[in-house]
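Fold and contact review
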Amino acid sequence: MAIKWINHNGIDILYSDYRLKSSDQIIETLQEVAIEVENAPNKVYKIIEFSNTPVNKKIAAVGNRLGKEVFNDKTACSVFIGANGIRRMYFEIYRAIVSYPIYTAKNFEEALSI
């Protein structure tokens, strides 16, 4: 399952997993996340599993567009797991585009503790 809602200490968190997906699958998952976030009654806390994920201009363009159109207004906080190498560069660009707090974590357990 690419996305799912989890509850941690009474907080609903939208978890999305992009690991080992093709570019088209990543874009599809981004769009599914945007729909979930858009339909959520409150601002959303997100954990994004980004380890071993390809990043290219097409994915970055979709992510940046959705960041501006949906995620900015409806996200309370995001935690990226696996933002290193080229993914770290994408993360830094994305951080400059959105208006909500973004953090990085080494693993899921660390992401839950932020």
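The notes below deal with the structure included here. Please read these numbers as outputs of a predicted model, since none were measured by experiment.

1. Here's the deal with the overall build of the chain
For the chain, the count of helices and strands is four helices and five strands. On C-alpha atoms alone, the chain measures out to a radius of gyration of 13 Å, which is about the 13 Å that the 2.2 N^0.38 rule sets for 114 residues. Per-residue burial for the chain yields a buried fraction of 46% across its 114 residues. Taking as baseline every contact in the chain between residues at least 6 positions apart, the subset at least 24 positions apart corresponds to 73%. Summed over all atoms, the accessible surface of the chain reaches about 6200 Å², with 51% contributed by carbon and sulfur. Looking at the chain, you have 14 positive and 13 negative side-chain charges, and the mean spots of the two groups are 6 Å apart.

2. Points about the pattern of salt bridges
Under the counting rule described, the total for this entry stands at three salt bridges. Notably, a salt bridge pairs Asp-17 with Arg-19, separated by 2.6 Å at the nearest N-O pair. Assessed through its relative accessible area of 13%, Asp-17 is described here as buried. Exposure remark for Arg-19: the relative accessible area of 38% places this residue in the partly exposed category. When the shortest N-O distance is used, the salt bridge between Glu-69 and Arg-65 registers 3.1 Å. Residue Glu-69 and its partner Arg-65 are located together in helix H2 (residues 57–74), separated by four residues, close to a single helical turn.

Rules and cut-offs
- Residues numbered from 1 in each chain as written.
- Predicted model: local features only at pLDDT ≥ 70, side-chain atom pairs only at ≥ 80, totals over all residues.
- Heavy atoms only, no water.
- Helix = DSSP H or I, 4+ residues; strand = E, 2+ residues; numbered from the N terminus.
- Rg over C-alpha atoms; globule rule 2.2 N^0.38 Å.
- Buried < 20%, exposed > 50% of the residue type's maximum accessible area, 1.4 Å probe, protein only.
- Contact = heavy atoms within 4.5 Å.
- Areas by Shrake-Rupley, 256 points an atom, 1.4 Å probe, with all protein chains shown as cover.
- Lys, Arg positive; Asp, Glu negative; His and termini not counted.
- Charge placed at Lys NZ, Arg CZ, Asp CG, Glu CD.
- Salt bridge = Lys/Arg side-chain N within 4 Å of Asp/Glu carboxyl O.

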